[in-house]
Amino acid sequence: MHAYRRNIVITGGSGFIGSHVVRLFVNTYPDYRIINFDKLTYAGNPENLRDVENAPNYVFIQGDICDAAAVNAVFEEYTPDGLIHLAAESHVDRSIEGPEAFIQTNVLGTFTLLEAARKHWKDRTDVCFHHVSTDEVFGSLGDEGFFTESTPYDPQSPYSASKAASDHFVRAYFNTYRIPVVITNCSNNYGPNHFPEKLIPLAITRIQEKQPIPVYGKGENVRDWLYAPDHARAIDLVFHKGKRGESYNVGGFNEWSNIDLICLLCAIMDRKLGREPGESQQLITFVTDRPGHDHRYAIDAGRIKAELGWEPTVTFEEGLERTVDWYLANTAWTDHVRDGSYRDYIRRQYKEE
Ligand code: NAD
Ligand code: DAU
């Protein structure tokens, strides 16, 4: 049997960002065994990893991070040297509709993983628990300023509150038990495999199908967008070289108001679909705002750039082109993930028939 140099567990590897992280690690590190531990909720999809699923250094285990027995079994079987934790309930609007699942998975699930690490790693210092978190823990910015690693936590939604709680537990396990941890807090990602409940893939599928594009409020809220494979590169760097016990902000240096972003997307898609310029913009429909909608997120990614040499490699224009091309070429994926539960959710969320 092949002796792998390191065994790395990645939780949530079948989701959007997780699939980019798994692909990067499987391909970059043939001497690592990559164990993807994923429950396959509505957001997890084995199709996201078709191209690596037969790689010799890839293992998939279907399991729930809240299930201590299942998590401990992974530690016993594979003696992991590292864990990159992405499994989460990730959609803000779903957290507003039903916060409980977010507390279960994001808080109790993270706690369950930390407890397994504490039990199995004991005093090992050559291991790493990498917690993948969000800029939403910092709350909302006005028109000026940026989130830095020392910005006080001020979460506003049930989703961001659950992520903030999990970040605090991860830090507490470093301070109390000396488990080697790192945290990354990233801005909004986009790219292939993005579940079409989130703004960009929702808008792409709506434009393609000539359906209304729902824009909350006046579309003035601002997000900082990063191409997901660039986030995966940041995770790779921080996992290997980040200072233990510390956090790193990751962002795209790329702020867009929602309305400007949707107009850009409409223009790209009009061109690609051979429509008249301005045609798709007519689909924009302003709808009731998200309760407690954070006005602006903007990341100061100066630390990861200065200390680890990370920068985004894909411009927004290039990343959006690639993303639109991916969705246009993968309508079977979109049709598959938009199953009955998706349709029920969309009906409730947008009060559509
Ligand atoms: P996603 O919703 O696309 O995927 C989540 C994955 O976790 C799915 O594969 C799902 O099956 C799995 N999962 C959910 N509950 C689980 C459980 N109890 N046990 C095991 N697996 C479970 O999420 P994403 O957008 O890829 O986000 C991944 C991580 O990155 C999350 O922790 C999220 O908070 C964080 N993050 C996301 C963004 C973003 O823009 N999407 C930005 C910053 C940080
Ligand atoms: O900032 C990082 C976060 O980015 C991640 O932690 C979350 O997991 C991820 O989902 C994302 O959260 P947002 O709430 O910013 O993403 P979403 O795509 O849901 O919304 C982006 C913006 O678009 C936000 O201002 C709300 C708005 N929006 C969203 C939807 C779904 C609309 O105007 N209409 C919509 O239908």
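Above: the structure in question.
Residue numbers here run from 1 along each chain, matching the order of that chain's written sequence. For this description, chains carry letters from A and ligands carry numbers from 1, given in the order in which they are written. Only residues with pLDDT of at least 70 are given local features in this predicted model, and only at 80 or more are side-chain atom pairs given and counted; all residues enter the totals for whole chains, interfaces and linings. In computing side-chain values, all of the structure's heavy atoms are included and hydrogens and water are not.

## Things to note about the site of ligand 1
No. 1: Here a residue is considered near a molecule or strand provided that any single heavy atom belonging to it is located within 4 Å of it. Residues in close proximity to ligand 1 total 28 residues, the closest being Ile-17, Asp-38, Ser-90, Tyr-159 and Lys-163.
No. 2: Any pair of nitrogen or oxygen atoms within 3.5 Å is treated as a polar contact; in protein, a donor-acceptor pairing is required on top of that, and neighbouring residues in sequence qualify only through side-chain atoms on both sides. Here an oxygen atom of ligand 1 sits 2.7 Å away from a polar atom, N or O, in the side chain of Lys-163.
No. 3: With residues, only the protein chains shown are counted as cover, and all accessible areas are computed by Shrake-Rupley using a 1.4 Å probe. If ligand 1 stood free it would expose 830 Å²; the protein chains cover 96% of that surface.
No. 4: Secondary structure elements with two or more residues in the shell around ligand 1: helix 1 (16-28), strand 5 (128-134), helix 5 (158-177) and strand 7 (188-190).
No. 5: Tallied by class, residues from the shell around ligand 1 come to 11 nonpolar, 13 polar and four charged. Secondary structure elements are defined from DSSP: runs of H or I of at least 4 residues count as helices, runs of E of at least 2 residues count as strands, and each element is numbered from the N terminus. Each residue receives one of three labels: charged for Asp, Glu, Lys and Arg, nonpolar for Ala, Val, Leu, Ile, Met, Phe, Trp, Tyr, Cys and Pro, and polar for the others, Gly being one of them.

## Some words on empty space enclosed by the protein
No. 1: Both cavities and pockets are sets of points on a 1 Å grid over the protein atoms alone; in a cavity a 1.4 Å probe fits but cannot get out, in a pocket the set is open with protein on both sides within 12 Å along at least five of seven lines, and lining residues sit with an atom within 4 Å of a point. Grid points are joined across faces, edges and corners, and a volume is the space filled by probe spheres set on the points. Evaluated as defined, the whole model comprises three cavities of 30 Å³ or more.
No. 2: Approximately 50 Å³ is the volume found for the second largest cavity.
No. 3: Around the second largest cavity, the lining residues are Val-92, Ile-96, Glu-136, Gln-156, Ser-157, Arg-223, Arg-290, Pro-291, Gly-292, His-293, Asp-294 and Tyr-297.
No. 4: Each residue belonging to the lining of the second largest cavity can be placed in one class, and the counts come to four nonpolar, four polar and four charged.

## With respect to the environment of Glu-311
No. 1: With respect to the element layout, Glu-311 can be found in the loop between helix 9 (302-308) and helix 10 (316-329).
No. 2: In this structure the side chain of Glu-311 is engaged in a polar contact, spanning 3.4 Å, whose partner is the side chain of Lys-305.

## A few points about the nonpolar core
No. 1: In this description, a nonpolar core means a group of buried Ala, Val, Leu, Ile, Met, Phe, Trp, Tyr and Cys residues linked to one another through side-chain atoms lying within 4.5 Å. Remark: exposure states derive from per-residue accessible area (1.4 Å probe, protein chains only) relative to the maximum for the residue type, with buried under 20%, exposed over 50%, and partly exposed in between. Ranked by size, the top nonpolar core spans 42 residues in total, and within it Ile-10, Phe-25, Ile-84 and Ile-304 carry the most contacts.
No. 2: Counting only elements with at least two residues in this core, the list comes to strand 1 (6-11), helix 1, strand 2 (32-38), strand 5, strand 6 (181-186), helix 7 (228-241), strand 10 (246-250) and helix 9.
No. 3: Per-element accounting of this core gives the leading share, seven residues, to helix 7.
No. 4: In contact with Ile-10, not counting residues within four places along its chain, are Val-21, Val-22, Phe-25, Ile-34, Ile-35, Asn-36, Phe-37, Ile-84 and Leu-86.
No. 5: If you look at the next biggest cluster of nonpolar residues, it comprises 33 residues, including Phe-195, Leu-202, Leu-261 and Leu-320. Two residues form a contact once any of their heavy atoms are found within 4.5 Å.

## A word on the sheet that holds strand 11 (residues 255-257)
No. 1: Read from one edge to the other, the open sheet built from three strands follows the order 7-9-11, with strand pairing classed as mixed. The open sheet has two free edges, formed respectively by strand 7 and strand 11, since each of these has just one partner strand. Taken pair by pair, the neighbouring strands of this sheet meet at an average axis angle of 50 degrees, ignoring direction.
No. 2: Relative to strand 11, strand 9 (residues 222-227) runs antiparallel, the two sharing three bridges. Only strands joined by at least two bridges in the DSSP assignment are considered to pair. Convention adopted: a line fitted to C-alpha atoms gives each axis, helices being fitted over their contacting stretch, and angles between N-to-C directions are expressed from 0 to 180 degrees.

## Considerations on helix 10
No. 1: The first and last C-alpha atoms of helix 10 sit 20 Å apart over 14 residues, in line with the 20 Å expected at 1.5 Å per residue.
No. 2: All of the buried residues in helix 10 are Phe-316, Gly-319, Leu-320, Thr-323, Val-324, Trp-326 and Tyr-327. Seen along its axis, helix 10 keeps its buried residues to an arc of 160 degrees; they face one direction.
No. 3: Of the surrounding secondary structure, the elements contacted by the buried residues of helix 10 are strand 7, helix 6 (199-208), strand 9, strand 11, helix 8 (258-273) and helix 11 (331-337). By definition here, a helix of n residues has an expected span of 1.5 Å times n minus one. Regarding the arc, it is the one traced by the directions from the helix axis to the C-beta atoms.

## Quick look at unusual backbone geometry
No. 1: At Asn-193, a residue that is not glycine, the phi angle is positive and equals roughly 75 degrees.
No. 2: Mapping Asn-193 onto the fold places it in the loop between strand 7 and helix 6.
No. 3: When its relative accessible area of 7% is taken as the criterion, Asn-193 is described as buried.
No. 4: Phi at Phe-253 takes a positive value of approximately 50 degrees, unusual for a residue other than glycine.

## Details of the site of ligand 2
No. 1: Of all residues adjacent to ligand 2, which total 25 residues, the nearest are Asp-135, Tyr-159, Arg-290, His-293 and Tyr-350.
No. 2: At 2.7 Å from an oxygen atom of ligand 2 is found a main-chain nitrogen or oxygen belonging to Ser-90.
No. 3: Here an oxygen atom of ligand 2 sits 2.9 Å away from a polar atom, N or O, in the side chain of Arg-223.
No. 4: Here ligand 2, which alone exposes 690 Å², has 94% of that area covered by the protein.
No. 5: Counting residues per element, the ones that place at least two in the shell around ligand 2 are helix 3 (92-97), helix 6 and strand 8 (213-216).
No. 6: Sorting elements by how many residues they give to the shell around ligand 2 places strand 8 first, with three residues.

Interpretation in functional terms is not warranted from these geometric data alone.
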